[in-house]
Each structure stands twice: as structure tokens, then as C-alpha cells.
Amino acid sequence: MKRAINPTKLLCGILGLCTVVSIGGAISSTLAWYAYATRASLLFSGTSVYDNGQLQIGVKSADQILSLKNDHMIEEQINGSYYYFAPAGEGLSSERLNMYLAARGYATNELIPVTSGEFNPADSAHNSFALKKSPNADSYNNPQAATNMQFSQITFAFRAFRTKANGQIEYVSNQEIWLTHAQTRASTGSSGNVSKAMRMYINRDATVYEENNGFIYNPSSNSSGETKVGGLLNLGHDQYYDFDENGEIVFGEYTIKDGTDTGIINHQYDGPDQLVDINGSGSTAPDTFTAKHSPNAAGYYQDLNKLDIKTAKFEGVNTIKPVKAADGTLSNPTGKKTSVCKTGGESVGNIGEFDATIYLEGWDFSVVDEEQSHKFDFQLRFETNRI
């Protein structure tokens, strides 16, 4: 079988301000998506939502993190968990979030592309989210779980408050919080499309959101959609789709539609030596997903229509945005609860929270060798209603 060359890493840094999370990176040398890496840091900050309302933003941990407490974070222990809030208007620095991630054993300055595999929140058989390592030359559909050091996981905590006439702060329960803006783009002075691979799994409180508590969010898409999590790959970066003794390899997740006919031509390829966009990536240049059929292997010459390539469904920017009334009041779209959390009562410190798993989806068509040296930003903004 044709083997992939040894990969190198993608170097990154993350910047941000106000309620914005910004992730930046630069790829170096040659690499296939299964060996992508980023060097990163995180910054998240609270901001005034309306003139008379604010969000206080923090993080949650099962264990005490003394470095955060010693860095002037507001530590509160509630129901056995530790919360660290930034003072209103101050926000969380990248150093603070790196302390948090490191203490919990997650990636602070390196993200390695992984995959969610098949995911559909509307299908009980495929709505369990779990990141897996990339396929490779020895495991075409690698079942190994991604390690915590391959992605970042942050439990964000929010409190909505108002300032009373006597100057005291009053925290308010039952306030929904929405993700109202997101942007992925090449950093200033850079180019490329690697930012399109960014994903965030939003895992919400199941007691509030019931069976629809979790979904994948794609900040580079305005609408909902899906990512194919299977197909042919050119991991060796030699312009030919990978193959073994049985012919071209279909990596990732798929089934055969009729149970027997895969659609592969049972003889060595004898057609023109030209690029074939069999995965539908839209690329006209050779890369990880677009290559030629090797004359040394049987192949899927025309298409993959005999196969049911599985997908990971996601929400887009506009599909989870709240509806804004003329007076500025925010609400969920009709028939769809899209807020990320709701602040609780006094028994839980008036806190609303959700788990954010930030990762690079390796099956995104933008994760190719040609993205080397490109930097990117990933920005998010949250809002709540006037108090």
C-alpha cells in the first residue's frame, strides 16, 4: 500500500477581546489532515449587553485551580464545583484560559485534527458526540478516541446581573444566553481557508434542553449543513488516491447501499492521467481530497454513488441566531430552542453554563497541505436580554 510521508505541525496563537474568542494559526511544512496541529491560546471576555444589563463570564472546574485564584479571578465553590469569574468588564486573558485548560488536561497550545464521525442530533442512534483520531494507513476508519490533548474543552459559565439603585449587584435567574455572532477568517496579512475546519460542539444542560441538548456549530457556515466523514484520500501527497491490494481505499465511515456492489472497477485503472474530484471538494488542484487514479490499482473511476458516505450534521451562524424584535428583545426561533444556556436560581449561584469542545474537523475540505503558513481567527459573541 502507498504510505503517507511523515507530517509536521501547524503553529498557532489565539487572540480575542470582549465576548470574542479568536483562534489564530500558521501551518508549516507538508502535512496531511490526519497530522494537522495548531499552537494556540484562548482569550474570552465579558461585555455589556445593554446599557442596563451585563454578562459576567467565567469557567467551571471540578477541582480548585489555585493559579486562577491567585490571578485575581473571583473563585466561588458551588455544589462541589469551582467557578472562576472575571470581574465585570475585565474578561479572561489567554494566560488565564491556558491555566484553566492545562489544569484540566486539555490542549492549550496545540490542536490536532480529529473527527466527530457520523453525527445527527435528530437521530437517537447517531446523536452521541465523541471525537476520534484520524484514519491512517493502518486503520482506514480509526476507532480510537481522540485524546484530551488533541482538542480544547471549556465549560463556560455566565451570570446575568443588574446594578440596583444602592449600587449592589443583583444576579438574575432564568435568563437565556445566545451565541449571536461568529466569524472565521484568515488573519490580517494572511490568506487561506483553514479556518473553515473549525468546529465547536455545544453541549447544553439536558434538564433544560432535553433530547436536543447538543449540536455541532460551524461558524464558517451561515446555514445548517453536513460534513462528509468518509471518502478517498491522498495521504501520501503524491497526486494519487491511496490504495492497497484490493484497490483504492475508502477511508472513514460508509456503508454499501445494496450490501454487495461497492462500485469499484475490478481491474487496474487505464484511463487518462488527470485529477478527479471524486469527493466533491470543488478543488481543481491536487491536494489531500483531490487526486488522480493510480494505474496500479482498481478504482472508483466515476463516483462513489454505490456507497452511503456518512456525514456529521452541523448548525450554522444564522440557524442558531435568536430572533430580535423591534424593541431589541431576543427570543428563540419558532419551534427551535437555540440558546446555549439559561441562568439558574440561587441554589446554583444564578449561573448558566455549557461545555464547548473546540476542535479541527479533519474531514473538512479545507484541511489540506496547501494551507501551510496560513493564519486564521475564530470569533464568537454571546448576548442575553435586557434586564
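What counts, and at which threshold
- Residues numbered from 1 in each chain as written.
- Predicted model: local features only at pLDDT ≥ 70, side-chain atom pairs only at ≥ 80, totals over all residues.
- Heavy atoms only, no water.
- Helix = DSSP H or I, 4+ residues; strand = E, 2+ residues; numbered from the N terminus.
- Buried < 20%, exposed > 50% of the residue type's maximum accessible area, 1.4 Å probe, protein only.
- Contact = heavy atoms within 4.5 Å.
- Areas by Shrake-Rupley, 256 points an atom, 1.4 Å probe, with all protein chains shown as cover.
- Core = buried A, V, L, I, M, F, W, Y, C linked by side-chain atoms within 4.5 Å.
- Salt bridge = Lys/Arg side-chain N within 4 Å of Asp/Glu carboxyl O.
- 1 Å grid on protein atoms, 1.4 Å probe; cavity = no way out; pocket = protein on both sides within 12 Å on 5 of 7 lines; lining within 4 Å.
- Points joined across faces, edges and corners; volume = space filled by probe spheres on them.
- Polar contact = N/O pair within 3.5 Å; in protein donor to acceptor, adjacent residues only side chain to side chain.
- Phe/Tyr/Trp six-rings, centres within 6.5 Å; stacked < 30°, edge-to-face > 60°.
- Lys NZ or Arg CZ within 6 Å of the ring centre and 35° of its normal.
- Pairing = 2+ DSSP bridges.
- pLDDT = per-residue confidence, 0-100.

**What about the overall build of the chain?**
So, point 1. Of the regular secondary structure elements, the chain holds four helices and 26 strands.
So, point 2. Counting every position in the chain, which comprises 387 residues, the buried fraction comes to 54%.
So, point 3. Residue pairs in contact within the chain that sit at least 24 positions apart in sequence constitute 74% of those at least 6 positions apart.
So, point 4. Put simply, the chain shows about 16,600 Å² of open surface, and 45% of that area lies on carbon and sulfur atoms.

**Overview of the nonpolar core**
So, point 1. Counting 59 residues, the largest nonpolar core has Phe158, Leu179 and Tyr217 as its most contacted members.
So, point 2. At five residues, the largest contribution of residues to this core is made by strand β25 (residues 352-360).
So, point 3. The contacts of Tyr217, once residues within four sequence positions are left out, are Leu179, Ala182, Arg199, Met200, Ile202, Glu315, Gly316, Val317, Ile320 and Leu380.
So, point 4. Of all hydrophobic cores here, the second largest spans twelve residues; its members include Ile264, Val276, Tyr300 and Ile309.

**A closer look at the pattern of salt bridges**
Close approach of charged atoms allows side chains with opposite charge to pair.
So, point 1. Taken as a whole and assessed by the stated rule, the structure comprises twelve salt bridges.
So, point 2. In this structure, Lys69 engages Glu75 in a salt bridge whose closest nitrogen and oxygen atoms are separated by 3.7 Å.
So, point 3. Given the relative accessible area of 40%, Lys69 is considered partly exposed.
So, point 4. Of the charged contacts, one joins Asp71 and Arg96 as a salt bridge, the two residues approaching to 3.0 Å between their closest N and O atoms. Placement of Asp71 in the loop between α1 (66-69) and β5 (74-78) and of Arg96 in helix α2 (residues 94-103) is noted, with a sequence separation of 25 residues between them.
So, point 5. Residue class for Asp71 comes out partly exposed when judged on its relative accessible area of 24%.

**Some points on empty space enclosed by the protein**
In this approach, a probe sized like a water molecule rolls over the atoms, and the result shows the empty space that is left.
So, point 1. Following the criterion strictly, the structure yields two cavities of 30 Å³ or more and no others.
So, point 2. The space that makes up the largest cavity amounts to roughly 50 Å³.

**Considering the side chain of Thr319**
So, point 1. Mapped onto the elements, Thr319 comes out in helix α4 (residues 317-320).
So, point 2. A polar atom in the side chain of Thr319 sits 2.8 Å from the backbone nitrogen of Gly316.
So, point 3. Once residues within four sequence positions are removed from consideration, Thr319 is found in contact with Asn222, Ser223, Ser224, Lys336 and Thr338.

**Points about the packing of aromatic side chains**
So, point 1. Under the definition given, this model contains 16 aromatic pairs.
So, point 2. Aromatic rings pair up to connect Phe119, Phe129, Tyr201 and Tyr359 into one cluster.
So, point 3. One Lys or Arg, Arg199, reaches over the ring of Phe314 and ends 5.4 Å from the middle of that ring.
So, point 4. In this structure, Lys337 is placed above the aromatic ring of Tyr209, and the distance from its NZ or CZ to the ring centre is 5.6 Å.

**Re the environment of Arg162**
So, point 1. Structurally, the position occupied by Arg162 is in strand β7 (residues 152-163).
So, point 2. Here the alpha-carbon distance between Arg162 and Gln54, two residues 108 residues apart in the chain, equals 6.7 Å.

**A closer look at the pairing of strand β11 (residues 214-217)**
So, point 1. The two faces of β11 match: Gly214 and Ile216 on one face and Phe215 and Tyr217 on the other face are all buried.
So, point 2. Strand direction decides the pairing type here: strand β10 (residues 198-203) and β11, joined by four bridges, are antiparallel. By the bridge assignment for β11, Tyr201 is matched with Ile216.

**Remarks on the environment of Leu111**
So, point 1. Among the structural elements, Leu111 can be located in the loop between α2 and β7.
So, point 2. Take Leu111: its relative accessible area is 3%, and that puts it in the buried class.
So, point 3. Taking the C-alpha atoms as reference, Leu111 lies 8.9 Å from Ile358; in sequence the two are 247 residues apart.

**A few points about the confidence of the model for the chain**
So, point 1. Taken residue by residue, the chain gives an average pLDDT of 81. The fraction at 70 or more is 79%.
So, point 2. In this model, residues 3-52 is a region of pLDDT below 50 whose contacts with residues beyond four sequence positions or in other chains number 207 contacts.

**Digging into unusual backbone geometry**
Glycine aside, residues mostly have negative phi, and peptide bonds are mostly found in the trans state.
So, point 1. The phi torsion at His237 lies on the positive side, around 55 degrees, for a residue other than glycine.
So, point 2. Among the structural elements, His237 can be located in the loop between β13 (230-231) and β14 (243-244).
So, point 3. Given the relative accessible area of 33%, His237 is considered partly exposed.
So, point 4. Positive phi values are uncommon outside glycine, yet Gln239 reaches one of about 80 degrees.
So, point 5. With respect to the element layout, Gln239 can be found in the loop between β13 and β14.
So, point 6. Look at Gln239 and you get partly exposed, because its relative accessible area is 37%.

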